[in-house]
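Spelled out, the chains give:
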Amino acid sequence: MLSARGIVKRFSGFSLEVPSLSVLPGSCLTVIGPSGAGKTTLLKLLAGLEQPDQGSIVRGGGAVYLSQQPLLLERNVLQNAVFGLVLQKAPKRDALDRVLPLLERVGLGEKLWQPAHKLSGGEQVRLSFVRALSLRPKILLLDEPTASLDPGNVAGLEAFLREANQQGTTLVIVTHNFFQARRLGKRSLFMLGGRLVEEGPTETLFTSPQDARTKAYLSGEMVY
Ligand code: ADP
Ligand code: MG
């Protein structure tokens, strides 16, 4: 279970309020909403990277947050890929056994010794994705994970996410891609101005939204 109750988070000129939000174990919640709605702040709170001013969050297992901009070390691809497992003090052999097939699968198998900073933007995203998945987290929070990927890599990454989800990883995915939100989400959430406007089964939210603001956003009327 991943749940938030009575959350308030204030910045100057912005506040996020989450009276109640629950994501069932093994479920997938997709989060949509315009820039500045508070999506990243919500993910960071759920991940424990930001603390709420009020309220509480319950996590039924370790959470990994994958940020919008890949955060890579000034090291080679392989060193970056194993870094999470190294921090967890996994034996080197086990770390390699886990990471090498993942790197192969995202097309980085031939680039193990290249400096991570010389990779293309899309390759950097795939590398940070490998590092996150290698930890086999109970909860994976992804912030616009495919924004800089070409269609083939979007499909590849979505397949990965679906598998992780089937193996029990709880997913929360922020995306501006409505199609992706519908493909991956069991439930979906529309945020606006730091508020949860509407949350429900994905197909219901996209085909018969209840709130006029959700309707407007989905039809492209609400542009910020
Ligand atoms: P989104 O991801 O939906 O685009 P964010 O959660 O990044 O939205 O930001 C929501 C609002 O909170 C924005 O107005 C942003 O400027 C503000 N904000 C986010 N983080 C901070 C921070 N660390 N300090 C001050 N303001 C912040
Ligand atoms: Mg954001």
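### Structural notes on the site of ligand 1
Thought 1: By nearness alone, every residue bordering ligand 1 is listed as Phe11, Phe14, Pro34, Ser35, Gly36, Ala37, Gly38, Lys39, Thr40 and Thr41.
Thought 2: Between glycine 36 and ligand 1, the recorded distance is 2.7 Å, taken from a backbone N or O atom to an oxygen atom.
Thought 3: The separation between an oxygen atom of ligand 1 and a polar side-chain atom of threonine 40 is 2.8 Å.
Thought 4: Taken together, the residues of the shell around ligand 1 sort by class into four nonpolar, five polar and one charged.

### Here we look at the packing of helix H2 (residues 77–87) against helix H3 (residues 92–105)
Thought 1: Between H2 and H3, whose axes approach to 10 Å, the crossing angle comes to 125 degrees. The orientation of H2 with respect to H3, classified from their angle, is oblique. In this structure, H2 meets H3 at a crossing whose hand is right-handed. The segment H2 lies against H3, with Val77, Leu78, Ala81, Val82 and Leu85 engaging Ala95, Leu96, Arg98, Val99, Leu100 and Leu103.
Thought 2: In the contact of H2 with H3, the residues fall into ten nonpolar, no polar and one charged.

### Here we look at the domain arrangement of the protein
A common way to report how large an interface is uses the accessible area buried once the components associate.
Thought 1: On domain assignment, one finds that the protein holds domain 1 (1–62 + 137–224) and domain 2 (72–136).
Thought 2: Using only C-alpha atoms to locate each centre, domain 1 and domain 2 end up separated by 26 Å.
Thought 3: Every contact between the two is made by 14 residues of domain 1 and, on the other side, twelve residues of domain 2.
Thought 4: With both sides pooled, the region where domain 1 packs onto domain 2 buries about 1,100 Å², and carbon together with sulfur makes up 72% of that total.

### Brief notes about the side chain of aspartate 143
Thought 1: Residue placement: aspartate 143 occurs in strand E6 (residues 139–143).
Thought 2: Of note is the side chain of aspartate 143, whose polar atom sits 2.7 Å from the side chain of threonine 40.
Thought 3: Every residue in contact with aspartate 143, bar those within four places of it in the chain, is listed here: Thr40, Leu43, Tyr65, Leu66, Ser67, Gln68 and Val174.

### Examining unusual backbone geometry
Thought 1: Look at arginine 136: it is not a glycine, yet its phi comes out positive at around 45 degrees.
Thought 2: The residue arginine 136 is located in the loop between helix H4 (121–134) and E6 in this model.
Thought 3: On the basis of relative accessible area, arginine 136 is assigned to the exposed category, the value being 58%.
Thought 4: One non-glycine residue, glutamate 144, adopts positive backbone phi at about 45 degrees.
Thought 5: Take glutamate 144: it is sitting in the loop between E6 and helix H5 (151–166).
Thought 6: With a relative accessible area of 16%, glutamate 144 lands in the buried category.

Definitions and limits used
- Throughout, a residue's number is its position along its own chain's written sequence, starting from 1.
- Just so you know, chain letters begin at A and ligand numbers begin at 1, following the order they were written in.
- In keeping with the predicted nature of the model, local features appear solely for residues at pLDDT of at least 70, side-chain atom pairs appear and are counted solely at 80 or more, and the whole-chain, interface and lining totals rest on all residues.
- Hydrogens and water molecules were not included; the side-chain quantities draw on all heavy atoms of the structure.
- In this text, near means that some heavy atom of the residue lies within 4 Å of the molecule or strand in question.
- Residues adjacent in sequence count toward polar contacts only when both atoms are side-chain atoms; beyond that, a polar contact is any pair of N or O atoms within 3.5 Å, and within protein one must be able to donate a hydrogen and the other to accept it.
- The nonpolar class holds Ala, Val, Leu, Ile, Met, Phe, Trp, Tyr, Cys and Pro. Asp, Glu, Lys and Arg form the charged class, and all remaining residues, Gly among them, are polar.
- Here an axis means a line fitted to C-alpha atoms, over the contact stretch when the element is a helix, while the angle between two N-to-C directions is reported on a 0 to 180 degree scale.
- Per the convention used, a helix needs a DSSP run of H or I reaching at least four residues, while a strand needs a run of E reaching at least two, with both numbered from the N terminus.
- Angle categories: roughly parallel below 35 degrees, roughly antiparallel above 145, roughly perpendicular from 65 to 115, and oblique for all the rest.
- Crossings are sorted by hand: turned counterclockwise from the far helix by less than a right angle, the near helix makes the crossing left-handed, and turned clockwise it makes it right-handed.
- What makes two residues a contact is simply this: any of their non-hydrogen atoms within 4.5 Å.
- For the domains described, the bounds stem from an automatic or database domain assignment.
- Buried area is calculated as the accessible area (1.4 Å probe) missing from two parts once they are joined, with the contributions of both summed.
- Relative accessible area decides the class of each residue, using a 1.4 Å probe on protein chains only: under 20% of the type maximum gives buried, over 50% gives exposed, and in between gives partly exposed.

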